Each structure stands twice: as structure tokens, then as C-alpha cells.
Amino acid sequence: MRHVERVMGTVFSFDLRHEPSEELHAALRGAVALLHQVDAVFSTYRVDSPVSRLGRGEITLAECPREVAEVLALCEEAAAVSVGYFTGAPGGRLDPSGVVKGWAVERASALLRAAGATRHCVNGGGDVRVSGEPEPGRPWRVGVADPCRPGELATVVSGRDLAVATSGTAERGPHILNPHTGAPATGLVSVTVVAETLTRADAMATAAFAMGAAARDWAERQPGLEAFAVAPSGATWWTGGFLRYGLVEPAQVPKPML
Amino acid sequence: MRRATFAVLATAAGLILLLSFKPHDVASADRPPAAIAPATAPSAQDGSVASGSDSGSSGGDSGTRAGGSGSSSGGSGSSTGSRTVTGDAVDTRWGPVQVRITVAGGQITAVDAVVVPDANPRDREINSVAVPILTQEALAAQSARIDTVSGATYTSEGYTGSLQSALDKAGL
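Predicted model only: the values in this text are computed from it and were never measured.

Residues other than glycine predominantly adopt negative phi, and peptide bonds predominantly adopt the trans conformation. Residue and element names in this part refer to chain A. A positive phi is found at M8, a non-glycine position, where the angle reads about 60 degrees. Within the secondary structure, M8 sits in the loop between strand 1 (2-7) and strand 2 (10-16). One non-glycine residue, V83, lies in positive phi territory at about 50 degrees. On the secondary structure map, V83 appears in the loop between helix 3 (66-81) and helix 4 (97-114).

For the rest of this paragraph, the subject is the pairing of strand 5 (residues 140-145) of chain A. Buried residues dominate strand 5 of chain A, accounting for five of its six residues. With six bridges connecting them, strand 5 of chain A and strand 6 (residues 153-159) of chain A associate as antiparallel partners. Bridge pairing in strand 6 of chain A places A:G143 opposite A:V156. Inspection of the sheet shows strand 5 of chain A paired to strand 7 (residues 148-150) of chain B by three bridges, in the parallel sense. Residue pairing in the sheet places A:V144 in a bridge with B:S150 of strand 7 of chain B.

Looking now at the packing of aromatic side chains. Residue and element names in this part refer to chain A. A full pass over the atoms with the stated rule returns three aromatic pairs over all chains. Aromatic pair F228 and W238: ring centres 6.2 Å apart, planes at 10 degrees, arrangement stacked. Residue F228 is found in strand 9 (residues 226-230), and its partner W238 is found in strand 10 (residues 236-238); the two are separated by ten residues along the sequence. With respect to burial, F228 and W238 carry one shared label: buried.

What follows concerns the pairing of strand 1 of chain A. Inspection of the sheet shows strand 1 of chain A paired to strand 2 of chain A by six bridges, in the antiparallel sense. The residue of strand 2 of chain A that forms the bridge with A:H3 is A:F14.

Let us look at the confidence of the model for chain A. Regions with low pLDDT should not have their predicted coordinates read in detail. In the predicted model, chain A carries a mean pLDDT of 89, and the fraction of residues at 70 or more is 92%. Residue range residues 249-258 of chain A is modelled with pLDDT below 50. Its contacts to residues more than four positions away, or to other chains, number 37 contacts.

Following the criterion strictly, the structure yields twelve salt bridges over all chains and no others. The closest approach of N and O atoms between B:D147 and A:R138, which form a salt bridge, is 2.9 Å. Of the two residues, B:D147 sits in the loop between helix 2 (136-139) and strand 7 while A:R138 sits in the loop between strand 4 (127-131) and strand 5, which places them in two different chains. Judged on exposure class, the residue B:D147 and its partner A:R138 are both buried. Salt bridges here are not isolated pairs; linked through shared partners, they connect A:R2, A:D15, A:R17, A:E135, A:R138 and B:D147.

What counts, and where the lines are drawn
Residues numbered from 1 in each chain as written. Chains lettered and ligands numbered in written order. Predicted model: local features only at pLDDT ≥ 70, side-chain atom pairs only at ≥ 80, totals over all residues. Heavy atoms only, no water. Helix = DSSP H or I, 4+ residues; strand = E, 2+ residues; numbered from the N terminus. Buried < 20%, exposed > 50% of the residue type's maximum accessible area, 1.4 Å probe, protein only. Pairing = 2+ DSSP bridges. Phe/Tyr/Trp six-rings, centres within 6.5 Å; stacked < 30°, edge-to-face > 60°. pLDDT = per-residue confidence, 0-100. Contact = heavy atoms within 4.5 Å. Salt bridge = Lys/Arg side-chain N within 4 Å of Asp/Glu carboxyl O.

Put into C-alpha cells, the structure is as follows:
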């Protein structure tokens, strides 16, 4: 079962490796509805969203839907573990977007799983959560887009029950600010984070991108987190454990001879 | 064909040595051992370990604990005409390395690490096991048989024409 949904200013792809059933259709509808509901609450592009109103001081946190407090807590946590390179208020304005998408995909994935769709992939604008395996005995294969060569892959992450998030300038230009300087982060072209949940992977990819080159040592120290990055020079680096999921520096891989 | 397969196996193992250990190899002048022992090959090919161009140092973690990955993907060739060849485990100073390649129609369709050194206990925290080491050819979107694409967040417009868009269409 496949479904593509445009929401939150991007496109979400659902890939359920199950025979269609009424239950799963209902679960899929529920997951899609959830994304729209999250957008209505958290969008900073909608002037009347609770988060926009909270940011302007028109309402209090207590007056917001309960999940706003949950997301703001996630933002604080992300800021703490990333030494302030993640922020829920870039440029001083309340904007928890860096957490919202990954968190929403994670919730959608959990909803599908609870409905019995244990083999699925949810891709929210390039941030991916996979559940189970696509077919018995085979892991999901998540291609990581090469930021320097459109249409090609920089690496492939493979596994079950994991999340892959990528932050970079390839699609939207330098849009991630280094919170410590206020200037756009330019130390990396792209960084991909693998973690157990997309809530974490998404926020940490944003933080790592803002960190630039320093993200390498930082990522090595984060338990349960692996990273792969492309530097402006085109050089790549990855954390030691990344090799458990993904691989490859294409330029160094000789063509096989058969 | 048989000989070539082993050559590839050796190369694949060499690559894994190269790529897997590059981050740990910075402090040492040693090159990773090129010891390759294909399953039934009479003599091992050179592992063709090139020196990496990786710059900068990794954050340490040069652990040496060996650990078999529990259940890496798949068994032997499931589709017609495809077969797998698994090399012997090669002991390195970082632990045993073992690779398996899948060949179908004269093409490598997969290179998987069956056993890789389990350097970091935290690696096991994420509930996943397989580490396919893909060849350059396999990295092309089609032959890599990818299910989805992770990339910098695209806009609705950017999605059109993206690899993910193609995958969504193909699956419909």
C-alpha cells in the first residue's frame, strides 16, 4: 500500500508492505489526518496556529494543545544534548519546526504499527522512519541523496526499525542558522543521522549541520547515534558505528570485475 | 567466472577492510591487513587495499571487540539464477571480517558484511543488524534497489522529479 500526501510544506510518502485491508486503510487515513492536525497546531506559516499565537504571546502554553508542551520539551532536550546547536527559537522567534516533522513522522509510524502495519516506511520530506523489514529476510535500504550530484546517492543506509534524517543545503540553500553566531551554517553540505527514532534523528541532524565540522567528534560521543556527512570540499566522513548501517565512498570503490 | 567471483570477493573484503577501518587507521602507519580468504579459493587474491583519503581524525573508538552480527539479511539466492558466495572470516587486529556477495546474471547484486568488528557497545543499541557494503555500481539508484531516499528536506515543488517521487510512482 502506498500513499503520497502533501502537508507541512513538503511531501510525505507512505509505503506499507502489507496486503490492503480496511483496517490498514483506516490506519493510513489516521496517520495522514495526524500530520494535518500537527501542521495546524505547529505551523509557523499559519498566523492563527497555536504555536504562532504562543510565539506572539497571545496565548499561554497552558492554553495550547497538550502536545505543544511535549514538543517544546523535546526542543529543550535537543538543545541540551547538542550544546545549543539545536534551538526551538532560531533567530529568537519560537519555531519548533526542527523537531516537529520528525516527531510527527514518528507518531504516524507508531500509529501504523499499532494497527498491525509492522512493515512500513514513512518518508517525511527526506526524513525516513522504517519499521520491520520490507520483505522477510531483507532490511530496508534507504538511499542518501548525494548533495553534490542530484539524482545520485552518497551512501545507502540499511536496516530495520530505525530512522534516517538528513539536513543540508542542497534543496533549500543555507537555511539552517548556527544559533551561536546567528549566521547560516556552512561547515557541511549535508549530514545524515541514523538513530532509533526520527524524533531524535531529525533534531540531531539539524544540530549536527549547524555544528559543521565539529559535528564529527560530537556525533561519535552520542550513544545510539551514527552520522555520515559531506563537507563542502566533497569529502565525506562518518562515525565508526555508521558502517553497521551504511557504507560507501563511491570514488574509492573500484568497479567490480566479472 | 569462478575465478572472477573470488577476485571480487577478495576485492569486496579488501574494501570492507579499507572502508570499515579507515576511521581507526589514522593513528597508525600500518595498513589494514589484506588477508583475504575466499571460501574455497585455492589462493587468496590481493585484497587491493588502497589507502584512504580520509582526512581528519575520528573520535577514537578504536575498539577491538569482535562480534558477529546476529542475523544479517537473507539467506542464499532467493531469485532464480542468483547465488551467494561467502568468504571465510578473516581475522584482523580489529576483529573478524567476513563478507558475502550475491551474483545474478553475471552481476554483483549485493555485497554484505556477514561479520564486522563490533567496536562500540553502543552500536548494538540500535535495533538493526545488516551492513551491506555496496559496490559503486550498486550505488546507482536502480541497482542499489533502494526503498526510499533520505535527503535534505525538499519543498513540495522539489519533490517533483526527485528520486523519492520516482520510487513512489514505481510502487503505485
